[in-house]
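Here is what each chain is made of, one letter per residue.
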Amino acid sequence: MQEYVAQPPLVIVSGQGGWLTDTEGQRYLDGNASIWTNVHGHNDPELNAALLQQLSRVAHSTMLGLAHAPGAELAAELSALAPAGLTRTFFSDNGSGAVEIALKLSFQFWQLHGQPEKRAVIGLAHGYHGDTFGTMAVGDSGFFHERFRSWCFPASHFPAPRCHESAGVVHQAEATASLAALRHLLENQAERTACLILEPSIQGAAGMQLQPRGFVRAVAELCREFDVHLILDEVFVAFGRVGPLFVCAEEEVVPDFLCLAKGLTGGYLPLAATLVREEIYEAFLGDYASGRAFFHGHTFTGNPLAAAVALANIRKLRPLIDDGTIAARSRHFGSILTQTLANCAFVSEIRQRGHAAALDLTQADGTPFPVALRAGLQVCLRARAHGLLLRPLGDSLLLVPPLCLTPAELTLLVERTQAALLDVLPTLSSP
Ligand SMILES: *Cc1c(COP(=O)(O)O)cnc(C)c1O
């Protein structure tokens, strides 16, 4: 906060497509899709129309004991598009909430199922599932959450696979050790374990750590073999971010729980959903006295404005995925990124899949920058002068463009990133 307050303030007043404009009239490319949420751009006419239409009916009415059409339609739409079997949706309003709900449902399910000893959780090393206590407990974000560890319930983690991929070229892919460690963990503790939680395809907040193709499938098979719920946290990767609407559908995996948020409303409004299998839903049925009910609800859960925008978002996105538009854009993004920066002395690795990429920054001699130099942050601050908004993760630059950027805009994004890092890094780098 002290560093943030010391920077000149940047106050956004409007947005159009992939661009944001500040109080000084400066235009910036939204290089992180407003924290990984934006799909069709800002001020999208179709999403705006859906929002205004719902606004003229009712802005909010509770889903606790009542229903509304946009919520019901969205739940039906999500079930229809998700892998078969994910028939029921529990709404909330942020990704952490969607994950907490999946965890609590799994915990309660095993009690209702007569196996209350199944209450441990397994996560993937460096996983990020949110900033609430439950999500911190199952995540492994080190430095971010370390000081809260003693208040968190215990969870086991297995090592992540390694995958170095960009522009569709796989430079390295290794999952054997990770899967062997998981099998070992399950052999030891499956009968005490409720669920395994995983960000499929890409661990975003870990710095865009990719998984080899087939990894999610292999994890899902182990979960099935050992009778442990699989929670897929697609909060970041769904809605076209890495290509398909849902990663699990592409990997032909049916999780027990599917968590959605960020791109669900195209980046317009806070909304999240936890999809569950019918069998899990049914376990919670019973009269009030049976105590089987799931006592969990958020005040603004399934807000109708957000649900209406989510429906418009999905309606607009599906044809763009189906006709290859999104894939063509992400191929362009990957190739321009590699062409422009693969040989840059200050970039030690580029990881890219879909509309998500990380550039690991190092000194020209390949050694890390001293942490105190804040090399990643300095590049992002400099990028503003080039009309680009980016956020670093330590000394990695995370590039997460809105899916609406044209090839020319994606090129501009990469060129401006290059300009910013060449302005800054030679001055910070030891010779
Ligand atoms: C952002 C994120 C979350 C948390 O979502 P919030 O809406 O910020 O609570 C959870 N999981 C993943 C994979 C995320 O990227």
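Keep in mind that what you see is a predicted model, and the values were worked out from it rather than measured. (Residues numbered from 1 in each chain as written. Predicted model: local features only at pLDDT ≥ 70, side-chain atom pairs only at ≥ 80, totals over all residues. Heavy atoms only, no water.)

1. Some details on the environment of Q203
We count it as follows: Put simply, DSSP H or I for four residues or longer makes a helix, DSSP E for two residues or longer makes a strand, and each gets a number counted from the N terminus. Relative accessibility thresholds used throughout: buried, under 20% of the residue-type maximum; exposed, over 50%; partly exposed, between the two (1.4 Å probe, protein chains only). Throughout, a residue-residue contact means that at least one pair of heavy atoms, one from each residue, lies within 4.5 Å. Two N or O atoms form a polar contact when they lie within 3.5 Å of each other; inside protein one atom must be a possible hydrogen donor and the other a possible acceptor, and for residues adjacent in sequence the pair counts only when both atoms belong to side chains.
Residue placement: Q203 occurs in strand β10 (residues 202-203). Assessed through its relative accessible area of 3%, Q203 is described here as buried. For the pair Q203 and F236, spaced 33 residues apart in the sequence, the C-alpha separation amounts to 8.5 Å. If near-sequence neighbours (up to four positions away) are discounted, Q203 is found in contact with L124, A125, H126, G127, A160, M208, Q209 and Q211. There is a polar contact of 3.0 Å between the side chain of Q203 and the backbone oxygen of A125.

2. Things to note about the nonpolar core
The condition that has to hold: In this description, a nonpolar core means a group of buried Ala, Val, Leu, Ile, Met, Phe, Trp, Tyr and Cys residues linked to one another through side-chain atoms lying within 4.5 Å.
Membership of the largest hydrophobic core comes to 48 residues, with the highest contact counts inside it found for L78, L196, V219, F239 and F246. Per element, the largest residue contribution to this core is seven residues, and it comes from helix α8 (residues 215-226). Those residues in contact with L196 that sit more than four places away from it in its chain are I122, F158, L182, V219, C223, V228, H229, L230 and I231. Core analysis: the second largest hydrophobic core is formed by 31 residues, F333, C344, V347 and V424 among them.

3. A few points about the site of the ligand
Convention followed: By convention in this text, a residue qualifies as near a molecule or strand provided that one of its non-hydrogen atoms is within 4 Å of it. Here, Shrake-Rupley sampling with a 1.4 Å probe gives the accessible areas, and only protein chains in the shown set may cover a residue.
Taken together, the residues surrounding the ligand are N94, G95, S96, Y128, H129, G130, E199, D233, V235, F236 and K262. Contact between the ligand and N94: an oxygen atom at 3.4 Å from a side-chain N or O atom of the residue. Within the side chain of S96, a nitrogen or oxygen atom sits 2.6 Å from an oxygen atom of the ligand. When the free accessible area of the ligand is taken as 380 Å², the share hidden by the protein chains comes to 83%.

4. Examining the domain arrangement of the protein
The test is simple: Note that the domain bounds reflect an automated or database-derived domain assignment. When two parts are brought into contact, each loses some accessible area as probed by a 1.4 Å sphere; the total of that loss over both is the buried area. Salt bridge, as applied in this entry: a Lys or Arg side-chain nitrogen positioned within 4 Å of an Asp or Glu carboxyl oxygen.
Segmenting the protein into domains produces domain 1 (2-30 + 324-428) and domain 2 (49-320). Computed over C-alpha atoms, the centres of domain 1 and domain 2 are 28 Å apart. For the pairing of domain 1 and domain 2, the buried interface totals around 1900 Å² over both sides, and the portion due to carbon and sulfur atoms is 54%. The tally of links from domain 1 across to domain 2 stands at two salt bridges.

5. Concerning the sheet that holds strand β15 (residues 347-353)
Note the following rule: Note on pairing: two strands pair once DSSP finds at least 2 bridges between them. Axis angles are defined between N-to-C directions and span 0 to 180 degrees, where every axis is a line fitted to C-alpha atoms and, for a helix, only to the segment in contact.
An order of β15-β16-β19-β18 is seen for the four strands of this open sheet, with the pairing classed as antiparallel. The sheet is open, and its two borders are formed by β15 and β18 (391-393), each paired with just one other strand. Taken pair by pair, the neighbouring strands of this sheet meet at an average axis angle of 25°, ignoring direction. Of the pairings in the sheet, the one linking β18 to strand β19 (residues 396-399) comprises three bridges and is antiparallel in character. Following the sheet pairing, R391 is matched in β19 by L398. Along the sheet, helix α12 (residues 325-341) contacts β15, β16 (356-361) and β19; its crossing angle with β15, the most-contacted strand, is approximately 170°. Its contacts with the sheet put helix α14 (residues 407-428) on β15, β16 and β19, and the angle it makes with β16 is roughly 15°.

6. Concerning the packing of α12 against α14
Packed helix pairs are characterised by how far apart their axes lie and by the angle those axes make with each other. Defined as follows: Any angle that is under 35 degrees is reported as roughly parallel, and any over 145 degrees as roughly antiparallel; angles of 65 to 115 degrees are reported as roughly perpendicular and all others as oblique. Should the near helix be turned anticlockwise from the far one by less than a right angle, the crossing is left-handed, and should it be turned clockwise, the crossing is right-handed.
Packing of α12 against α14 leaves a shortest axis separation of 9 Å and a crossing angle of 30°. When the interaxial angle is binned, α12 and α14 end up roughly parallel. Once α12 is placed against α14, the crossing between them reads as right-handed. Where α12 approaches α14, its residues R329, H332, F333, I336, L337, T340 and L341 are matched on the opposing element by P407, L410, T411, L413, V414, Q418 and L421.

7. Concerning unusual backbone geometry
Despite not being glycine, S201 shows a phi value in the positive range, around 75°. Relative accessible area serves as the criterion here: at 7%, S201 is assigned to the buried category. At D227, a position not held by glycine, the phi torsion is positive, near 60°. With respect to the element layout, D227 can be found in the loop between α8 and β12 (229-233). With a relative accessible area of 43%, D227 lands in the partly exposed category.

8. Overview of the pairing of strand β7 (residues 162-166)
For β7, a buried count of four out of five residues is recorded, marking the element as mostly surrounded by other parts of the structure. In this sheet, strand β8 (residues 169-174) lies alongside β7 in antiparallel orientation, the contact comprising five bridges. Pairing of E165 across the sheet is with V170, part of β8. Counting the residues that bridge the hairpin from β7 to β8 gives two residues, and of these A167 lies at a positive phi of roughly 50°.

9. Here's the deal with the sheet that holds strand β3 (residues 27-30)
Strand order in the open sheet formed by four strands is β1-β2-β3-β17, with mixed pairing between adjacent strands. Strand pairing shows two members of the sheet lacking a second neighbour, β1 (12-16) and β17 (388-389), which therefore form its edges.

10. Details of helix α11 (residues 304-322)
Under the convention used in this document: By this rule the span expected of a helix is its residue count minus one, scaled by 1.5 Å.
In this model α11 runs 27 Å from its N-terminal to its C-terminal C-alpha over 19 residues, within 8% of the 27 Å that 1.5 Å per residue would give. Among the residues making up α11, those that are buried are P304, L305, A306, A307, A308, V309, A310, L311, A312, N313, I314 and L317. Of the surrounding secondary structure, the elements contacted by the buried residues of α11 are α3 (45-55), α4 (69-81) and α12. Sitting at the amino-terminal end of α11 is N303, which places a side-chain oxygen 3.0 Å from the backbone nitrogen of L305. Residue G324 follows α11 closely and has a positive phi angle near 85°.

11. Things to note about a nonpolar patch on the surface
Quick note on the threshold: Patch definition: residues above 30% relative accessible area lacking any salt bridge, with like charges linked at up to 9 Å and the nonpolar side chains Val, Leu, Ile, Met, Phe, Trp and Tyr linked at up to 5 Å.
A cluster of nonpolar side chains, namely M1, Y4 and V5, defines an oily patch on the protein surface of about 420 Å² accessible area. Judged by its relative accessible area of 58%, V5 is exposed.

12. Some words on the pattern of salt bridges
Per the counting criterion, the structure on display carries 15 salt bridges. In this structure, R183 engages E187 in a salt bridge whose closest nitrogen and oxygen atoms are separated by 4.0 Å. In this pair, R183 and E187 both sit in helix α7 (residues 176-189), four residues apart, roughly one turn of the helix. The partner of R277 in a salt bridge is D256, with the nearest N and O atoms 2.8 Å apart. Of this pair, R277 sits in the loop between β14 (272-276) and α10 (278-283) while D256 sits in the loop between α9 (247-250) and β13 (257-260), and the two are 21 residues apart along the sequence. Accessibility assignment for this pair places R277 and D256 in one class, buried. Members of the salt-bridge network, linked through shared partners, are R162, E349, R351 and D360.

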